[in-house]
Amino acid sequence: MDNEIKIISDREQKEYLPCCPVQVKQNTVTEENGTRQLKIVIVPCTDRTPMQCRLTLSFTDARRADAGTEEVTVPVGETAALPCPANAVYVHSRVEQVRQDETVLWERGDRAPLQLPEQAVLWQTDPLYGQIRRECEGVVQPVFRPDTLDGLWRCTCGQINLEETPVCGHCHTGHRWLEEHFDEAYLTEEKRLYDEMMAKNPAKKVTVSRSKIESDRLKMIAIFSGMGAALLLIVLLVTLIIPSVKYSRADALLEEGDFDGAIALFTDLESFRNADERAADATYRKAQHMTGLSDVYLTTSAKEPWYSITEDGVLSFRKDDYTGSWDLFVVPDMVDGVIVRELDRNFFLNCKDLVSVVLTDCLEVLGEQTFFNCESLTTVHFGANLHTLGPRTFINCYALTDITVPDTITKIGLRAFNSCTSLRSVHLGSGITSVPSYLFSCCYSLERVSFGAPITAVDEFAFSECPRLEKIYYPGTASDWKAVKIGEENQALESVEIVYEQ
C-alpha cells in the first residue's frame, strides 16, 4: 500500500508561463516496498485536452543541495508515477513542451514566467461568505475569489485557465457562471432575499440532548416492556443505524471535498466508531487543501500557547512561553486554521540559543528584525514562496557564515545582514536588482558575494566596513557593472575583483 510521506513541489503559486495550456498542480513523493516514487498531477488550462507534457525535474535534498536532474514526458489529466532520487526532498518542475498526438501545442522557448498577484482567499469572516457557499453548493468548493488577469482567469478552486477557455480545467466550473454568481451586487441582493425569507419562515432547529434521548428510551421501555422487538429496533436506530448513516454521509462529504461539512458531522458523532479520529483527519485534509502541501505542520494556539495569528496570517511568537528545542525550530504551516503568511516584527528577537530554522513554504514575508540578535543562528531553510525580507532581518546574527537568498525574494530591507560578523559568503537570487543601504555593513569576514541577476544600484554604506571582501561574481559584462550606480561609503568595492559571468 502506498504511503504518502511528503510533498516535494517547489511550484510558485504566483508564477505562470504565458499561454501555457497546462499547470502542474501537485508533486508528491510516495514510498512503496522501500522505493521512493514521484507522483505528478498536471491539469489542462484549456478546453483542449493535451495528451502529453515534457518536463525538466530538478531535485534537491533537505538542505536544498543538488540531487539530480531528469527530463520526463507525462500524461495530462492523470497521475504519473516516476522514480526519484533516494535523497530527494524538493523538486522544481519546469514545463518545456505540451503535445497533442503529434502536434506541438506549446513550447517554452525563451518565455520567462509571469509573476501573478496573490489570489484573494475566501474567509469565513466575509459578510457574503454564507451566500457564496449557498450559491456554490453542488457546483464547486469555493476557496478563492475568482479573478481575471491578462490572458487568463483563475477559478475559485485556484486553477489557472486561458482566457478563451469557458470551463475550468480542474473542477469544470464555467467561467461565465462564476462571473455571474460571484458578482457583489448579485450576491448582496440574493443575501437580502434569503434573509427576508428566513425572517418570514425561520428554520426550526430541534436539539435533542443525550439525557432527553435516554429519558425517552426509559419511558418507552416502561410503556412498551412487552414489545421487545420494537424496542430493539429503536435502540438500533438511535445507536447504530442513524449514526452509521451520518458517518457514511460525513465520509462522502470528505471525499467530495466538503471539509467543513465532514468535520461537523464527524465531531457530532463524538466517539462513534473512530469519528473523533476522522474529524482530525478531515481537519488535516482541509489544511492540505488550503496550503497546497501534503505534509502540513498544523497546530493551534491552545496546543502551542506561544503562537497567536491574525486573520491575515501574521504569526506572532512569545518566546518566554516556548518549551521546545532551539536546535531546530520549525515554523508551522497553519495555526488556528489560518495559513501562516508572515512572521511578525521581532519574531525571534534576542533568541540567543536559536541554532537552525525551517520556514514553511506558505510563508511570504519575514517581518522587520525577525532574527535580530540571534547570536547562535547558523542555518535558515527558506520556504518556496518567500518574497520579502524586512529591514534588519538578520542583524547581529554573529554565527551566520553563509547565506543563499532564494530567487523568489524580490525585496530586502535595509541593514538586513548588518553586523553579521562571521558571514563569509552570500548569494543574492535573481529577484534582487539593487542592494539597499547598510545591507552588509560591518560584515568584517565577508569575502565573496554573487548575484543571480544584474543590479542597477548599490546604495550608500551597503558594503561599508567589509575589509576582507575579495570577489564579486556578476552576471553581466564590465560595461554593465560600470553602469551600476554605487552610493557613498562603499570603498570595499574599489579594490574588489569582479568576476563576470555571462
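Everything quoted here is computed from the prediction, not taken from an experiment.

Caption draft 1: Looking closely at the overall build of the protein chain. For the protein chain, the count of helices and strands is eight helices and 33 strands. Classification of the 502 residues of the protein chain by burial places 44% in the buried group. As presented, the protein chain carries roughly 25,300 Å² of accessible surface, and 51% of it is formed by carbon and sulfur atoms.

Caption draft 2: Up close: the sheet that holds strand β14 (residues 298-299). Read across the sheet, three strands follow the order β14-β18-β19 without closing on themselves; strand pairing throughout is mixed. The open sheet has two free edges, formed respectively by β14 and β19 (338-339), since each of these has just one partner strand.

Caption draft 3: The arrangement of the environment of Val338 in detail. Within the fold, Val338 resides in strand β19. Separated by 24 residues in the primary sequence, Val338 and Val314 have C-alpha atoms spaced 9.2 Å apart. Not counting the four nearest positions on each side in its chain, Val338 is found in contact with Trp123, Ile309, Thr310, Glu311, Gly313 and Asp333.

Caption draft 4: View of helix α3 (residues 184-200). Helix length check: α3 (17 residues) gives 24 Å between terminal C-alpha atoms against 24 Å at 1.5 Å per residue, within 8%. Looking at where α3 begins, the residue whose side-chain oxygen comes 3.2 Å from the main-chain nitrogen of Ala185 is Asp183.

Caption draft 5: The nonpolar core, seen in detail. With 62 residues, the main nonpolar core has Phe348, Phe394, Phe417, Phe440 and Phe463 as its most contacted residues. Looking at this core, the elements that each hand over two or more residues are β15 (307-309), β16 (314-317), β25 (402-405), β27 (425-428), β29 (448-451) and β31 (471-474). Beyond its immediate stretch of four places on either side in the chain, Phe348 contacts Phe317, Phe329, Leu343, Leu354, Val357, Thr370, Phe371, Phe372 and Cys374. Judged by nonpolar contacts, the second largest core, of 23 residues, contains Leu17, Val22, Ala88 and Val95.

Caption draft 6: Quick look at the packing of helix α6 (residues 259-268) against helix α7 (residues 275-291). Their axes nearest at 8 Å, the elements α6 and α7 cross at an angle of 165 degrees. As judged from the angle between their axes, α6 and α7 are roughly antiparallel. The chirality of how α6 crosses α7 is left-handed. Residue-level inspection shows Phe259, Asp260, Ala262, Ile263, Phe266 and Thr267 of α6 in contact with α7, the latter providing Ala275, Arg278, Ala279, Ala282, Thr283, Arg285, Lys286 and His289. Classifying every residue of the contact of α6 with α7 by side-chain character gives seven nonpolar, three polar and four charged.

Caption draft 7: Representation of the packing of aromatic side chains within the structure. Across all of its chains, the model carries 23 aromatic pairs by this definition. Between the aromatic rings of Phe382 and Phe394, the centroid separation amounts to 6.5 Å while the plane-to-plane angle is 80 degrees, which identifies the pairing as edge-to-face. With Phe382 in the loop between β23 (379-381) and β24 (388-389) and Phe394 in the loop between β24 and β25, the pair connects residues that are 12 residues apart, well separated along the chain. Residue Phe394 is classed as buried on the basis of its relative accessible area, which comes to 0%. For the pair Tyr438 and Phe461, a centre-to-centre distance of 4.8 Å together with 5 degrees between the ring planes defines the contact as stacked. You can see Tyr438 sitting in the loop between β28 (434-435) and β29 and its partner Phe461 sitting in the loop between β30 (457-458) and β31, a full 23 residues away along the chain. Here Tyr438 falls in the partly exposed class, since its relative accessible area comes to 22%. Given a relative accessible area of 24%, Phe461 falls into the partly exposed group.

Caption draft 8: Region of the structure containing the packing of helix α1 (residues 129-136) against α3. Axis separation between α1 and α3 bottoms out at 10 Å; the angle between their running directions is 90 degrees. Classified by the interaxial angle, the pair formed by α1 and α3 is roughly perpendicular. Residues Gln131, Ile132, Arg134 and Glu135 of α1 pack against Tyr186, Leu187, Glu190, Lys191 and Tyr194 of α3. In the contact of α1 with α3, the residues fall into four nonpolar, one polar and four charged.

Caption draft 9: Highlighting the side chain of Thr299. Topologically, Thr299 is positioned in strand β14. Note on Thr299: relative accessible area 2%, which makes it buried. When residues no more than four places from it in sequence are discounted, the contact partners of Thr299 are Glu304, Tyr307, Pro332, Met334, Val335 and Asp336.

Caption draft 10: Highlighting the environment of Ser294. Mapped onto the elements of the fold, Ser294 is located in the loop between α7 and β14. Taking the C-alpha atoms as reference points, Ser294 and Tyr284, 10 residues apart in sequence, are found 9.5 Å from one another.

Caption draft 11: Summary view of the pattern of salt bridges. Under the criterion given, the structure shown has 22 salt bridges. Salt-bridge contacts for Arg341 lead to Glu364; the nearest nitrogen and oxygen are separated by 3.3 Å. In this pair, Arg341 sits in the loop between β19 and β20 (342-343) while Glu364 sits in the loop between β21 (356-358) and β22 (365-366), placing the two residues 23 residues apart along the sequence. One exposure class covers both Arg341 and Glu364, and it is buried. The network of salt bridges with common partners includes Arg133, Asp258, Asp260 and Lys286.

Caption draft 12: Inspection of the sheet that holds strand β17 (residues 329-330) at higher detail. Sheet architecture is open: three strands sit in the order β17-β21-β23, paired in parallel fashion. Unpaired on one side and paired on the other, β17 and β23 mark the two borders of the sheet. Pairing geometry for β17 and β21, over two bridges, is parallel. Counted as the bridge partner of Phe329 is Val357 from β21.

Rules used in this analysis
Residues numbered from 1 in each chain as written. Predicted model: local features only at pLDDT ≥ 70, side-chain atom pairs only at ≥ 80, totals over all residues. Heavy atoms only, no water. Helix = DSSP H or I, 4+ residues; strand = E, 2+ residues; numbered from the N terminus. Buried < 20%, exposed > 50% of the residue type's maximum accessible area, 1.4 Å probe, protein only. Areas by Shrake-Rupley, 256 points an atom, 1.4 Å probe, with all protein chains shown as cover. Pairing = 2+ DSSP bridges. Contact = heavy atoms within 4.5 Å. Expected span 1.5 Å × (residues − 1). Polar contact = N/O pair within 3.5 Å; in protein donor to acceptor, adjacent residues only side chain to side chain. Core = buried A, V, L, I, M, F, W, Y, C linked by side-chain atoms within 4.5 Å. Axes fitted to C-alpha atoms, helices over the stretch in contact; angles between N-to-C directions. Parallel < 35°, antiparallel > 145°, perpendicular 65-115°, else oblique. Left-handed = near helix turned anticlockwise from the far one by under 90°. Nonpolar A, V, L, I, M, F, W, Y, C, P; charged D, E, K, R; others polar. Phe/Tyr/Trp six-rings, centres within 6.5 Å; stacked < 30°, edge-to-face > 60°. Salt bridge = Lys/Arg side-chain N within 4 Å of Asp/Glu carboxyl O.

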